[in-house]
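Close look at the chain arrangement
So the chains spell out like this:
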Amino acid sequence: GDDTNDLMYRNGTIASDDIPDSEKHVLGQTWQITQNESLFYYEQGENVSTFSVPDHVPQFLDELDNETLSEAIDVCGGDENIECLFDFSQTRNEALAQSTASTNNQNNENEQIIANFPPMIQGPEIFQITVNETAMYVVNISDPDDTFYVMLMADTGTLPEGYTFTMGETDGEYVFTVTLTQVVMFTFTISANDSDGASSSIQPQV
């Protein structure tokens, strides 16, 4: 969407982002619907006016006195957690404000987790090995948004003696190399994990 018109009065006038909170309240009031615009069903004797208090003016953060604001900043650990600042300024309840801050921080972390994509792993579905010949299984791993670490793990059996697992010649390329002198039954998984805990893996058929 167009984020340049987020603050728009009902008449189409666009306000700047730095207008005071009290003016944002006035802007919001211009969008109060009328009875004819309402899509809700009302009980007998109720209408739009029943659920609106147009004369109410809330307290705004940017109009707090310096003492209250300073206390709120101390309780909330800074001036970035607006929800915490507001709750403390209205209630003077430290426990409530800190609970709000904790919930807000957890929500922010959850948003980051949801927005995070795991590393991408591309490689063959089958790893074919011939006895007495060197076989290489090559995967390409990438994550443009984050750093990651890579692991090679045996799923069944053990990894063959003398195997190597190294970075390839190109960026993001990883090479698993084995040379078998006899038939050995094993399966393996290559996984990549980023710093936020998101992971991807590949388990080829050997």
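Refer to the structure printed above.
Every chain begins its residue count from 1, and numbering advances along the sequence as written. Per-residue local features are limited, in this predicted model, to residues with pLDDT of at least 70; the limit for side-chain atom pairs, both in listing and counting, is 80 or more; totals at the level of whole chains, interfaces and linings are taken over all residues. The side-chain figures draw on all heavy atoms in the structure; neither hydrogens nor water molecules are used.

1. With respect to the side chain of N193
Operational definition: For helices the rule is a DSSP run of H or I covering at least 4 residues; for strands it is a run of E covering at least 2, with both sets numbered from the N terminus onward. Between two residues, a contact is recorded if the distance between any of their heavy atoms is within 4.5 Å.
For N193, the location among the structural elements is in strand β6 (residues 187–194). In this structure, N193 is in contact with P119, T147, F148, Y149, M151, A198 and S199, ignoring residues within four places of it in sequence.

2. Some details on a nonpolar patch on the surface
Convention followed: Surface patches are defined over residues having more than 30% relative accessible area and no salt bridge, joining like charges when they lie within 9 Å and nonpolar side chains (Val, Leu, Ile, Met, Phe, Trp, Tyr) when within 5 Å. For every accessible area listed, the method is Shrake-Rupley and the probe measures 1.4 Å; residues are considered covered only by the protein chains on display. Between Lys or Arg on one side and Asp or Glu on the other, a salt bridge is scored when a side-chain nitrogen of the former is within 4 Å of a carboxyl oxygen of the latter. For every residue, the accessible area obtained with a 1.4 Å probe (protein chains only) is divided by the maximum for its type, and the residue is called buried under 20%, exposed over 50%, and partly exposed between those limits.
On the surface, V131, V183 and M185 cluster together into a nonpolar patch covering about 330 Å² of accessible area. Considering the arrangement of structural elements, one finds M185 in the loop between β5 (173–179) and β6. Given the relative accessible area of 70%, M185 is considered exposed.

3. Comments concerning the packing of aromatic side chains
We describe a pair of aromatic rings using the distance from one ring centre to the other and the angle between the two ring planes. Keep this limit in mind: Only the six-membered ring of Trp is used, alongside the rings of Phe and Tyr, when aromatic pairs are assigned; centres must lie within 6.5 Å, and planes under 30 degrees apart are stacked while those over 60 apart are edge-to-face, with the rest tilted.
A complete count under the given rule lists nine aromatic pairs for this structure. Measuring from ring centre to ring centre gives 5.9 Å for F127 and F188, while their planes differ by 90°; the resulting arrangement is edge-to-face. Remark: F188 occurs in strand β6 and F127 occurs in the loop between β1 (120–122) and β2 (134–142); sequence separation between them is 61 residues. Residue F127 is classed as buried on the basis of its relative accessible area of 3%. Their ring planes at 25° and their centres at 6.2 Å tell us that F186 and F188 sit as a pair that is stacked. Both residues of the pair, F186 and F188, count as buried.

4. Quick look at the side chain of N116
Structurally, N116 can be placed in the loop between α4 (94–115) and β1. Sequence-distant contacts of N116, that is, excluding residues within four places in its chain, are made with D194, D196 and A198.

5. Some remarks on unusual backbone geometry
You will see that R92, though not glycine, has its phi angle at about 60°, which is positive. By the secondary structure assignment, R92 is in the loop between α3 (82–91) and α4. Residue N132 is not a glycine yet carries a positive backbone phi of 70°. Tracing the backbone shows N132 in the loop between β1 and β2.

6. A short note on the nonpolar core
Defined as follows: To define a nonpolar core, start from buried Ala, Val, Leu, Ile, Met, Phe, Trp, Tyr and Cys residues and group those joined through side-chain atoms within 4.5 Å.
Residues F127, Y137, V139, I141, F176, F188 and I190 are the most contacted members of the largest nonpolar core, which totals 16 residues. Counting residues per element, the ones that place at least two in this core are β2, β5 and β6. Top contributing element to this core by residue count: β2, with four residues. In this structure V139 touches I121, Q122, G123, G172, E173, Y174, I190 and I202, once residues within four positions along its chain are discounted. Ranked by size, the runner-up nonpolar core spans ten residues in total, among them L64, C84, L85 and A97.

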